[in-house]
Amino acid sequence: MEKDTQGTLWEVFVQANPGIPHKHVGSLHASDEEMALQNARDVYTRRKEGISIWVVEAKNIKASSPEDIGSFFEPANDKVYRHPTFYKVPDGVKHL
Amino acid sequence: MKDEKTLLEEFQSKIDKGIKIEPKDWMPEKYRKQLIRMMSQHAHSEIVGMLPEGNWITRAPSLRRKAILLAKVQDEAGHGMYLYSATETLGIDRSELLEQLHTGKAKYSSIFNYPTLTWADIGAIGWLVDGAAIMNQTALAKGSYGPYSRAMVRICKEESFHNRQGYEIMCSLAFGSEEQKQMAQDALNRWWWPAIMMLGPSDDSSPNSDELMRWKVKMESNDAIRERFIDRTVPQADYIGLTIPDPDLMFNKETGHYKHGPINWEEFFNVIKGNGPCNKIRLKARVDADRNGRWVREATEAYAAKKRIVNS
Amino acid sequence: MDKQKALFQYCLRLADSSLIMGQRLSEWCGHGPVLEEDIALTNIALDLVGQATAILNYAGKVEGKGHTEDDLAFLRPEREFRNVLLAEQPNGDYAFTIARQFLFDVYQYYYYQSLQKSKDETLSALSEKSLKEVTYHLRHTSQWMLRLGDGTPESHERVQRAINELWMFTGDLFDMDEVDALLLKEGVSIDLKEVKGKWENHVAELLEKATLQLPVQTFMQAGSRAGKHTEHLGFLLAEMQYLQRTYPDVKW
C-alpha cells in the first residue's frame, strides 16, 4: 500500500480590509489549489477576518536563511542617509 | 563553523532577550524534540477533545446551543490544525504525527478520557476544562518558539468564547429547575478533579522542568497555574450556588490563595497510561475517522495528479 | 386552507429541510476524512442551522400561537415535520454525504434564487442571505463531486452508488400541492417545475464532468409535503428532541 498522505502544505495570506497588504495567517493542507483556497476560507476567515485570500504551496516559497542575515541585512545599517532624520533642517523651516 | 557551545550560548541569549526562535534557526536537538512532543500532544488534545463534546451536538437542547456547540467544536478542529502546522515547521509531517496518535505512541490530555454523561457536562467542560486550558495557553503564548507562540496567540483569541459559553450553560442550569441544578452540581462533581489534574503532575514529581523553563518551552510551573485556576474558579462556583467537591478546600488569608485537598495522582497516571473510562473509544473514534477517510484522501491525490497532467 | 395556514406550512418545508440537513451534517463533526474538511462541513451545518432558526422564527409568527423557533424544532412529532426526504437520509460514507449535499445544494441554489423575488418580504430577505451561503456550499460540494467521481476507481464507485441510491428521493424535492398552488397565485412561493428543470440540467452537467452516470429514471418516493417520511426521521428526532421532551418547560 502507498504511504498515506494528508495533502501538501500551503501557506495562507489574508487581506483583512481594503487597501492594506495581505498578511500571512498560517498554513493548511490540501491536494489542489481550489481545495487550498476553500480550506483557507473555512479555516482562517470564520470570524470575518478577511476580504481576500491568497494561497501558495509552501514548497514554492524561497526563503532566506538565518546565515544570510549578515550579508543580506547588515549592509543597510550604515546607510543612514536613506532616512529623513539624517538631514538637518534649519529651525523654523516647515513642510520638509 | 561555530561550535555547539557558542551556538547554545547564542541561542540562550536570544531567548533571554525575548527574541523568538524561528524554524530555520539553530536550536538544540533536545529543544526540538521537546517541542515536537509538547506541540503534538497539544494538537492531539484538541482533536481528541472534539469527541466528548461532539457527542452532544446532535442532542443540544436549543437551536442557539446547537450552533454555539458546533462552532466551538469546530474551533477545536481549527486549533488542532494550527498546532499540527506549527509542529510541522520542526521537520515532521502531519501524517507522521497522526500515526503516533493512532498507534498510542503519542499522548493527549488526560481530561478527554472522561465521559460526557449529561448536557451539564458541556457546561462544565467549557467552564472548567477550557478555563484551565486557557491558563496554560496564555502562558504558552509567551513561549520562545515563534510558530508555537503565534498559534497560541490565535488560539487564545478564539478560545475566549469557549469558557464563557460553558459558564453561561452552568448559570442557566444552576438558576433553573431543581433537576437542572442537580445536573449542574453532578457535572461539577465529576469534572472538578479531572480539571485540576489536567494541569499536570505536581512540581516535585515533574521531571526536567528547569531546562524547559530556561528555554521558555514551559513558562510556569504546573502548581502555579493550578493555584491561579482554583483562585479564579471558586468564586465563580459560589456565585451560581454550586459546591466545589473538595471538603479540604480552604482560603488562606495570609497567602491570598486557596489551598486544595489531596489529589488522586494514582487515577491521573492511570488515565494517562490508557486506563481511563474512555481511552479506548476515543482512540478508536480517531482511528476509524482516519481509516474511513483514507480512500477520500487517495481520491483527492489521484484527482490532483490528473489535473496536473492536463495542465502541463 | 387559508393563506396564513399555507404560509406556515410553506415555512416549515423550507426550515425543516435546512434543519434536518444541518443535523445530519453535524454528525460528522470530529469524524471527517481530513481536519480541514471537518471544519468545512461544520461551516455548512452552521449555515443550515442558522437558516432553519430564522425561518422557524418567522413560521412561529405566521402561525400566531406564540411558538418560538425552539418549540417548533423540538416539540413537533415526526408527522408534522415537512423536510424533504433527501435531507433525512443517514450520512453513510463520505461519498454518500457529499452526493446528498450536492443534490440538495443545487436544489437550494435555484430555489432561493427564485424565492428572492417573493412578495413576502421576510422570505425574500432570508432567501437573499441564504443564497450567498448556498452558493459557497455548492462550489464546495461540486469540487468534491469532481474529485470523488474522477479520483480513484474506489471513490468513483462509491459516489456513483450514492447517487444511484439517493436518486429515488429527488422527485420529492419538486412535488407541489395546494399550499404551493395557493401561495404561487399570491406571488409568495415559487414554481418548483421551473426549479426542477434547472436542477436537472445542472446535475446532469456536473455528473458528466465528474465522469459519473446520470441514474436511469426510477420510481420516485414522495410524501414529505404531507409529513410522510422514511423510517430514519423518527430516530433523528428522538435524539435531537430528547432533552426538551425529558425536561419540559425549562430554559437552557
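Nothing here was measured: the structure is a model prediction, and the numbers come from that model.

*Asks:* It is not clear to me how the sheet that holds strand E1 (residues 8–15) of chain A should be interpreted in this structure. Could you clarify?
*Replies:* Hydrogen bonds between backbone atoms are what pair the strands of a sheet, whose relative direction is either parallel or antiparallel. Residue and element names in this part refer to chain A. One open sheet accounts for three strands, arranged E2-E1-E3; its pairing is antiparallel. Looking at strand neighbours, the two that pair on one side only are strand E2 (23–30) and strand E3 (52–57), the edges of this open sheet. Sheet twist, expressed as the mean angle between neighbouring strand axes with direction ignored, is 30°. With six bridges joining them, E1 and E3 adopt antiparallel strand pairing. When the sheet's bridge partners are listed, Val12 is paired in E3 with Val55.

*Asks:* Just checking my understanding: could you explain the environment of Trp199 of chain C for this structure?
*Replies:* Residues and elements named next belong to chain C. Counting through the fold element by element, Trp199 comes out in helix H9 (residues 192–209). A sequence separation of 39 residues divides Trp199 from Ala238, and the C-alpha atoms of the two residues are 32 Å apart. In this view, Trp199 contacts Leu103, Val106, Tyr107, Tyr110, Trp167, Thr170, Leu173 and Phe174; residues no more than four positions away in its chain are not counted.

*Asks:* What is the right way to look at the interface of chain B and chain C in this model?
*Replies:* Think of interface size as the accessible area that goes away when the parts come together; that is how it is often given. Between chain B and chain C, the residue contacts involve 44 residues of the former and 47 residues of the latter. Surface buried jointly by chain B and chain C totals about 3900 Å² across both partners, of which 69% is contributed by carbon and sulfur atoms. For chain B, the biggest contributors to the area lost against chain C are Leu63, Trp295 and Tyr303 of chain B; these three give 21% of the whole. Scanning the region where chain B abuts chain C turns up two salt bridges. The interface formed by chain B and chain C contains 14 residue pairs in polar contact (both at pLDDT 80 or more). Contributing elements (two or more residues each) for the side of chain B that touches chain C: helix H2 (29–54), helix H3 (63–88), helix H6 (146–174), helix H7 (178–197) and helix H11 (279–311) of chain B.

*Asks:* Is there a simple way to explain the side chain of Gln108 of chain C in this structure?
*Replies:* All names here are of chain C. Among the structural elements, Gln108 can be located in helix H5 (residues 94–115). In terms of polar contacts, Gln108 uses its side chain to reach the side chain of Gln51, at 3.2 Å. If we ignore the near neighbours within four places in the chain, the residues touching Gln108 are Ser18, Leu48, Gln51 and Val134.

*Asks:* I would appreciate a short explanation of the interface of chain B and chain A in the present structure.
*Replies:* Tallying the contact residues gives 23 residues for chain B and 24 residues for chain A. Overall, the association of chain B and chain A removes approximately 2000 Å² of surface from exposure, summing both partners, and the carbon and sulfur fraction of that is 47%. Interface area lost by chain B to chain A is led by Lys24, Arg154 and Arg294 of chain B, which between them contribute 26%. Across the chain B-chain A interface, the total number found is five salt bridges. In this structure, Arg46 of chain A engages Asp75 of chain B in a salt bridge whose closest nitrogen and oxygen atoms are separated by 2.5 Å. On inspection of chain B and its partner chain A, the count reaches eight residue pairs in polar contact (both at pLDDT 80 or more). Per element, the largest residue contribution to the side of chain B that touches chain A is eight residues, and it comes from H11 of chain B. When its residues are assigned to classes, the side of chain B that touches chain A shows six nonpolar, four polar and 13 charged.

About the cut-offs
Residues numbered from 1 in each chain as written. Chains lettered and ligands numbered in written order. Predicted model: local features only at pLDDT ≥ 70, side-chain atom pairs only at ≥ 80, totals over all residues. Heavy atoms only, no water. Pairing = 2+ DSSP bridges. Helix = DSSP H or I, 4+ residues; strand = E, 2+ residues; numbered from the N terminus. Axes fitted to C-alpha atoms, helices over the stretch in contact; angles between N-to-C directions. Contact = heavy atoms within 4.5 Å. Buried area = accessible area lost by both parts, 1.4 Å probe. Salt bridge = Lys/Arg side-chain N within 4 Å of Asp/Glu carboxyl O. Polar contact = N/O pair within 3.5 Å; in protein donor to acceptor, adjacent residues only side chain to side chain. Nonpolar A, V, L, I, M, F, W, Y, C, P; charged D, E, K, R; others polar.

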